[in-house]
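Okay, here's what each chain looks like letter by letter:
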There are 2 protein chains.
Amino acid sequence: MAQWIWYPGDFEVWLGNIFNNRRTERGAMFPPFWKQDSHWVTVEFSTKVCLEKPEKITIAAEGRYNFALDGRLQFGMPKTYDIPAGEHSLNFKVWNQVTPPALYVEGDTIHSGPDGWLATYEDKIWIDENGVAHGSGIYVTPGYWKFHNIDYRPSCFHLEHEERQAVSSETVGDGRLFDFGKETFGRVFPVLLEGSGMIGIYYGESREEALDKEHCETLDLISCNNGIMEYMPDTKAFRYIYVECFNGNGIRYERFDMYYEYAPQSRSGSFRCNDEEVNRIYDVSAYTLDLTTREFFMDGIKRDRWTWSGDAIQSYQMNYYLHFDSDCVKRTIRQLRGKDPVTAHVNTIMDYSFYWFISISDYYLYTADTAFIHEIYPRMQTLMDYCLGRTNDEGMAEGKPDDWIFVDWVDFPMHKRGILCFEQILLCKALEAMALCADICGDHRSQERYMRLADQLLRRIKDIFWDEKLKALLHSIEDGSLNTQITKFPNMMAIIYDFLSPKERIDVLHGVMLNPEVEPITTPYMRYYELEALCIMGKHDYVMEEIKAYWGGMLKEGATSFWEKYVPTEHGTELLAMYGRPYGKSLCHAWGASPLYLLGKYFLGVRPTKPGYTEFEICPVLGGLKWIEGSVPTPNGDIHVYADNKVINVNVNGKGNGIIYFTSYTTPTCDGGVLEHLHDNHYAVRFEGTAASAAIRISY
Amino acid sequence: MAQWIWYPGDFEVWLGNIFNNRRTERGAMFPPFWKQDSHWVTVEFSTKVCLEKPEKITIAAEGRYNFALDGRLQFGMPKTYDIPAGEHSLNFKVWNQVTPPALYVEGDTIHSGPDGWLATYEDKIWIDENGVAHGSGIYVTPGYWKFHNIDYRPSCFHLEHEERQAVSSETVGDGRLFDFGKETFGRVFPVLLEGSGMIGIYYGESREEALDKEHCETLDLISCNNGIMEYMPDTKAFRYIYVECFNGNGIRYERFDMYYEYAPQSRSGSFRCNDEEVNRIYDVSAYTLDLTTREFFMDGIKRDRWTWSGDAIQSYQMNYYLHFDSDCVKRTIRQLRGKDPVTAHVNTIMDYSFYWFISISDYYLYTADTAFIHEIYPRMQTLMDYCLGRTNDEGMAEGKPDDWIFVDWVDFPMHKRGILCFEQILLCKALEAMALCADICGDHRSQERYMRLADQLLRRIKDIFWDEKLKALLHSIEDGSLNTQITKFPNMMAIIYDFLSPKERIDVLHGVMLNPEVEPITTPYMRYYELEALCIMGKHDYVMEEIKAYWGGMLKEGATSFWEKYVPTEHGTELLAMYGRPYGKSLCHAWGASPLYLLGKYFLGVRPTKPGYTEFEICPVLGGLKWIEGSVPTPNGDIHVYADNKVINVNVNGKGNGIIYFTSYTTPTCDGGVLEHLHDNHYAVRFEGTAASAAIRISY
């Protein structure tokens, strides 16, 4: 089947500009403060065919185009063409300044798509001393997505929407307050609008915000003429809207409804257990991720509305346990990277560049999508060149004046200048990601180089930052001296990335992670890694208590989606403020949804051990619950797990070699796999996934 | 006065894409085969003001925009704003995917423009550990041109046009042939079109081409419905059009007229002498340059219709002696360079990259425009990095597989692979241009480096290629061995760029330039440099004969503009063919107009000796003519020269120190300057130009 094709990454660059420029701050547009790139305006697409019989092709393009058959240009912009039988080369050049040049070609056997087609933004024709023309362009597999219909052009892409009504409304002052029942996202519109005048729409994630016309983060002021609004409000995030009409001449409306906008998903992971609070935490997490999974993975839906690399890597990982929407992962990775030349870190943040690399090796582990690695590797190289070009003489990443060192929003004093241990650990993992992708692309010289750099850096991290007395990685070097502050940040990342010896890990667990004297983390963003590290160290009971206390705490405060930040000691309107603004905090922030990831990966315990789940392990852990049950999507099908303290049932739809790990104090029995006694009370069941569905029943 | 501003270079990048994509080949669009860039889609403009009293500003933008006063975003997209008295910062962000983001701000004292305003595509805001936001963007002076009217927006830019009619028409076969009298450029349109059917319009620079429907280079096939054409033909180059109607239903028209399209010019150089053939050559040269001076300097107006760096540098130089349209020079330099990253040589041709650098030092010599040097220097650096990154271990430019080595279209065997002496000479001059611009920008470390590289390269050129026996620079090194072919190309460039000792120059003059055994040059392109070198060597009489023979030869063949190539031994339809196509040759090619440059610079003899004509020399040479007279435009005003074998009269409107050099076998007298006897029969008159007009009269 033919599909629309374009230069890879260009659809995302273009769509990303639209996406990132929709942010507003109190009615003013608010574009990103980093470089926004553009698509290549002229792209050549080509294929070679060998036809048994003549074939008529239909040609459509987004842009002005030409068509050359066997190197000979044809007249005008033909909509159809009769290709004779035999071997032929087909070349199309499309120029489009406005949206990415895109092409659709369909015949009986000829179909535009990634197979057998090439794209270039520069065919570099040159003429030799004998007058013969040569081409030296760099050709790549074209970009594509789901545009199989000649009439659904890539530039027409939009999310889905459905009409929804407020659950209640009330008169407040001179206006009306509509409550849509929970955090939501879309365009509001008036029903039965009449007359002329101004309409003010004040959006609030909270009732307080919607009613605070002077401080609410988003609003629309729209003039109406005889029932027609000057413009339709753009999408916003809100639960409440407060509507006031003024300067009116008979202006009235019956109510405000909304178009809820969403990215449709074909499949989902799930989680249920005996604890209803945990189930509710899971559901609100899933809704939070749904609201932030859009054209790209968004951070917060109210104020931020940009793609952010540090937020995005967590969305990807949660997504692997919810919708497995790998297209949205790829789109976001492409969009965040943009194009060469690299003039700043991703989102201008040093850590966010490093997460970008790491997100790609993660993506590969979950999907085994080598085609994407081949596509993105050149842009990985140029970004890594930029990063390495800014390291100091010892190969360590030290913030330059224009690097934003983010780490986390912290409430305690923590310096961010100098050489942070945290940043070195991320860089080290990023170098490992480079080595992995270099290997996949057959670039073995670079693979060795990146691996060598990673090894050297890890040795330096240990030499410089590991304090054998304090049993922890220290914070930083500032002006040549060690800053011996201990924070969880570098220590938990070192556990997650497996940079510590078994003994060091246990030291860190007790000396840092469970040490009440170390400053607590107050963003779900870094609690994500904190709790992941604790799961890796087997502290599931503790993690479950934390999930219930922290995310349960937000629910008790009335959350209908999870927040950008939560300090359990705060209450009431205090909880709404951030960045010095009364409603500055995002009440629907992707990084708030981490229970999705923790419950899927460390309680259901499903995780790939080889790329694309060709091998995987299942390590169900109850963590204090009586039973847990759920599904995890994989590229090959779903893995369903049920566990209580007597049985583990696993159903696998799809190929792949699985191992179930569990502990038992009695001798377990097993139906459907090969039981193995590992040591002490540790057991494993090995089995082979099948497309038909493999069922394993373990009693222990 | 306020004016529209944009990110520097982006207007040209955008306009260049429209310009370069207008090329067609027999009805098919024909985009360039090199990378086409795009404008930055989001640009921030800012200024700081200190107002004595409040001031209302009017704001207009091309794109969606925001406005922040003192860092605080204002609601929506305000069209006016009242700025209070006092010190304020004004920041505007404009997003536009389609055309370059542009801004216009006007108040009593606040005027958007290059003075006091800055632009960036990346303000790089980041937040430090104390929550304080910082910006680390790189800010540059905004781009601007002549858009002083709020309603004449940069994206609406177009050339001027005027209606013109054919001078004759005749019926040929089933159609009509219209003759517009001479080479021209514009859109044709039917007068009193009626009925329905198809119209075929076949364009010809020659009568033969227009009548050859199967082989003419450009054509339009347009369907008409009740007297309405489906589309208006785009601009074309032609002298003749042949029009046929077919599949008709009452289709008829009275005649075809045209809109002649042109770039208006405010002033002109001139040349007149006693020889009417030379006068006619000058006029046709001027018309040729007029036709090719458009949004940018174009090479050939019929087929090529792209910007080409090797052609463009000659257009610039001719332009300095005709219209002194320095805006068009700057636009073309910016457009040719495009944006980073550099992925290929300019136009994919190695020599064309080198000419690009050289054209900038040339431009500086004629204009002293340091602002432009500051603007373009960063892009010079990245292109030079690319060029130097491709040199061999000895610092010599050796063609890689995807470099086009052009030199010239030659009819004799000449290898173009390996290390060509010609390319090294251009690179050496390009390095000198880099050193000059580095100096202007205060980048003294780079200046030294470029100068050192140029010196080393020149020594190597002499060591390797200078043959003391043959008294010439040899052609190349191929596969490690000298190719001892002698061509005029490297030798004449070495004279022009002053890379030879006085003795070597004389050797080259006789051994190469005047040696009938060396293959002749057959393009006006390289005849330009050939004749320039001969002028430098004082061979004006010979050059004048050549001008009359070569350009006069084209006139005798009926030329109304000068050609891409001319071989005097060819005649009739032979003259129309090139590239294996019967009408492939461009009959209006910028590089055909070189007499403009030769007559202005070496016969009137006017040339700057310090940047911007602050110092200049005038060396009138009759070259076998009885008298010559003409004007040369300079940034400061016109220089008018009259010379015969008795008197030299010079009038200068504008400041600058001038020296008139001449020879006299009698004792000259002088009115209006200071006469100096140099040596033998060589004299000089020194004078100071004034705004009022300085007049110098020399009798000799």
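Here's a quick rundown of the structure. None of the values given here were measured: they were computed from a predicted structure.

### Details of the overall build of chain A
The number of helices and strands found in chain A is 14 helices and 37 strands. In terms of overall size, chain A behaves like a compact globule, its C-alpha atoms giving a radius of gyration of 28 Å where 700 residues would be expected to give roughly 27 Å. Taking the principal axes of its C-alpha atoms as reference, chain A extends roughly 75 × 75 × 60 Å. A total of 700 residues make up chain A; the buried ones form 62% of that total. Pairs at least 24 apart in sequence give 71% of the contacts found in chain A among residues at least 6 apart. Entry remark: accessible area of chain A is about 26000 Å², with carbon and sulfur atoms responsible for 49%. Distance between charge centres in chain A, computed from 68 positive and 98 negative side chains, equals 1 Å.

### Thoughts on the relation of the copies chain B and chain A
Taken as rigid bodies, chain B and chain A are interconverted by a rotation of 180° and an axial shift of 0.0 Å, the fit giving an RMSD of 0.0 Å. As the rotation angle and translation indicate, the two copies are arranged about a two-fold axis. Among all residues of chain B, the one whose C-alpha sits closest to the rotation axis is V98 of chain B, at a distance of 2.4 Å. Take the interface residues of chain B: 100% of them recur as interface residues in chain A, which is what a same-surface contact looks like.

### Things to note about the interface of chain B and chain A
A common way to report how large an interface is uses the accessible area buried once the components associate. The interface is formed by 59 residues belonging to chain B together with 59 residues belonging to chain A. Summing the contributions of chain B and of chain A, the shared interface buries around 5200 Å²; its carbon and sulfur component is 61%. Of all residues in chain B, M29, F75 and E129 of chain B bury the most surface against chain A, accounting for 13% of the area lost on that side. Linking chain B with chain A are zero salt bridges, by the criterion used here. The interface formed by chain B and chain A includes 25 residue pairs in polar contact (both at pLDDT 80 or more). Residue assignment for the side of chain B that touches chain A shows that the elements contributing at least two residues are α1 (10-20), β3 (28-29), β6 (64-69), β9 (86-95), β12 (125-127) and β18 (218-225) of chain B. Along the lines of polarity and charge, the residues of the side of chain B that touches chain A split into 29 nonpolar, 15 polar and 15 charged.

### Topic: the sheet that holds strand β11 (residues 117-120) of chain B
Here five strands make up an open sheet; going across it, the order is β7-β6-β9-β4-β11 (chain B) and the pairing antiparallel. Of all the strands in the sheet, the pair left with one neighbour each is β7 (72-73) and β11 of chain B.

### So, the side chain of D304 of chain B
Residues and elements named next belong to chain B. Among the structural elements, D304 can be located in the loop between α3 (276-292) and α4 (309-320). Accessibility expressed as a relative area gives 5% for D304, which makes it buried. Beyond its immediate stretch of four places on either side in the chain, D304 contacts R23, D299, E564, S586 and H589.

### Re the packing of helix α6 (residues 350-367) of chain B against helix α8 (residues 421-440) of chain B
Residue and element names in this part refer to chain B. Contact geometry for α6 and α8: axes closest at 8 Å, N-to-C directions at 40°. By the angle class used here, α6 and α8 are oblique. Crossing of α6 over α8 shows left-handed handedness. From α6, M350, D351, F354, Y355, F357, I358, I360, S361 and Y364 reach across to α8, where they touch F422, E423, L426, L427, K429, A430, A433, M434, L436, C437 and I440. Classifying every residue of the contact of α6 with α8 by side-chain character gives 16 nonpolar, one polar and three charged.

### Observations regarding the packing of α6 of chain B against helix α7 (residues 370-388) of chain B
For any two helices packed against each other, one specifies the inter-axial angle together with the distance between the axes. All names here are of chain B. Close contact between α6 and α7 brings their axes to 11 Å; oriented N to C, the two are set at 160°. Judged by the angle between their axes, α6 and α7 are roughly antiparallel. By crossing handedness, the relation of α6 to α7 is classed as left-handed. Facing α6, whose interface residues are S353, F354, W356, F357, I360, Y363 and Y364, α7 presents T370, F372, I373, I376, R379, M380, L383, M384 and C387. Class assignment of the residues belonging to the contact of α6 with α7 gives a composition of 13 nonpolar, two polar and one charged.

### Some remarks on the sheet that holds strand β34 (residues 669-671) of chain A
To summarise the sheet geometry, strands pair through backbone hydrogen bonds and adopt either a parallel or an antiparallel arrangement. Residues and elements named next belong to chain A. If you trace the six strands from one edge of the open sheet to the other, you get β22-β30-β31-β32-β37-β34, paired in antiparallel fashion. Looking at strand neighbours, the two that pair on one side only are β22 (270-273) and β34, the edges of this open sheet. Across the sheet, the mean angle separating the axes of adjacent strands is 10° when strand polarity is ignored. One ladder, built from six bridges, connects strand β32 (residues 647-652) with strand β37 (residues 694-699); its direction is antiparallel.

### Some thoughts on the pairing of strand β21 (residues 255-262) of chain A
Walk down a regular strand and you will see the side chains alternate between the two sheet faces. Where strand β14 (residues 160-165) of chain A and β21 of chain A come together, six bridges link them in antiparallel fashion. Across the sheet, R164 of chain A pairs through a bridge with M258 of chain A, a residue of β21 of chain A.

### Concerning the pattern of salt bridges
Residues and elements named next belong to chain B. Evaluation of the coordinates by the stated rule reveals 89 salt bridges over all chains. Among the ionic pairs, K548 bridges to E277, the shortest N-O distance being 2.9 Å. Residue K548 is located in helix α13 (residues 540-556), and its partner E277 is located in helix α3; the two are separated by 271 residues in the primary sequence. By relative accessible area, E277 is classed as partly exposed at 23%.

### Things to note about unusual backbone geometry
Omega for the bond connecting D340 of chain A with P341 of chain A falls within 30 degrees of zero, at 0°, which places this linkage in the cis form. You can see P341 of chain A is positioned in the loop between α5 (326-337) and α6 (350-367). For K124 of chain B, which is not a glycine, the phi torsion comes out positive at approximately 50°. Note that K124 of chain B resides in the loop between β11 and β12. Residue classification places K124 of chain B among the buried residues on the basis of a relative accessible area of 6%. At N347 of chain B, a position not held by glycine, the phi torsion is positive, near 55°. Its place among the elements puts N347 of chain B in the loop between α5 (326-337) and α6.

### Quick look at α5 of chain A
All names here are of chain A. Given a rise of 1.5 Å per residue, 12 residues ought to cover 16 Å, and the 17 Å separating the end C-alpha atoms of α5 matches this to within 8%. In terms of burial, α5 is largely enclosed, as 10 of its 12 residues are buried. Listed as buried for α5 are C328, V329, K330, R331, T332, I333, R334, Q335, L336 and R337. Residues of α5 that are buried sit in contact with α1 (10-20), α4 (309-320), α6 and α7 (370-388).

### Concerning the side chain of Q424 of chain B
Residue and element names in this part refer to chain B. Counting through the fold element by element, Q424 comes out in helix α8. A polar contact of 3.0 Å, which involves the side chain of Q424, links it to the backbone oxygen of L420. Setting aside chain neighbours within four positions, we find Q424 in contact with M396, A397, I419, L457, I461 and F465.

Reading the values: rules and limits
Starting from 1, residues in each chain are numbered consecutively following that chain's sequence as written. The naming scheme follows written order: chains are lettered A onward, ligands numbered 1 onward. With the structure being a predicted model, the display of local features is reserved for residues of pLDDT at least 70 and the display and counting of side-chain atom pairs for 80 or more, all residues being used for whole-chain, interface and lining totals. Note that the side-chain values use all heavy atoms of the structure and ignore hydrogens as well as water. Numbering of helices and strands runs from the N terminus; a helix is a DSSP stretch of H or I covering at least four residues, while a strand is a stretch of E covering at least two. The atom set for the radius of gyration is the C-alpha atoms, and the globule formula is 2.2 Å times the number of residues raised to the power 0.38. Using a 1.4 Å probe on the protein chains alone, a residue whose accessible area is under 20% of its type maximum counts as buried, one over 50% counts as exposed, and one in between counts as partly exposed. Should any heavy atoms of two residues lie within 4.5 Å, those residues are counted as being in contact. Using a 1.4 Å probe, accessible areas were evaluated by the Shrake-Rupley method; residue-level cover was limited to the displayed protein chains. Note on charges: Lys and Arg go in the positive column, Asp and Glu in the negative column, and His and the chain ends are not counted at all. Where a charge sits is defined by one atom per residue type, namely NZ (Lys), CZ (Arg), CG (Asp) or CD (Glu). Our superposition of the copies is a least-squares fit, built on the C-alpha atoms of residues whose pLDDT is at least 70 in both. Two parts placed together each lose some accessible area under a 1.4 Å probe, and the buried area is that loss summed for both. By definition here, a salt bridge exists when the distance from a side-chain nitrogen of Lys or Arg to a carboxyl oxygen of Asp or Glu is within 4 Å. Think of a polar contact as two N or O atoms within 3.5 Å of one another; within protein, one of them needs to be a possible hydrogen donor and the other a possible acceptor, and neighboring residues in sequence only count if both atoms come from side chains. Classification used: nonpolar for Ala, Val, Leu, Ile, Met, Phe, Trp, Tyr, Cys and Pro, charged for Asp, Glu, Lys and Arg, polar for all others including Gly. If DSSP finds at least two bridges between two strands, the strands pair. Structural elements are reduced to axes, namely lines fitted to C-alpha atoms, with helices fitted over the stretch in contact, and the angle between N-to-C directions of any two is expressed from 0 to 180 degrees. The scheme is simple: roughly parallel for angles under 35 degrees, roughly antiparallel for over 145, roughly perpendicular for 65 to 115, oblique for anything else. The crossing is said to be left-handed when, going from far helix to near helix, the turn is anticlockwise and less than a right angle, and right-handed when the turn is clockwise. Multiplying one less than the number of residues by 1.5 Å gives the expected span of a helix.

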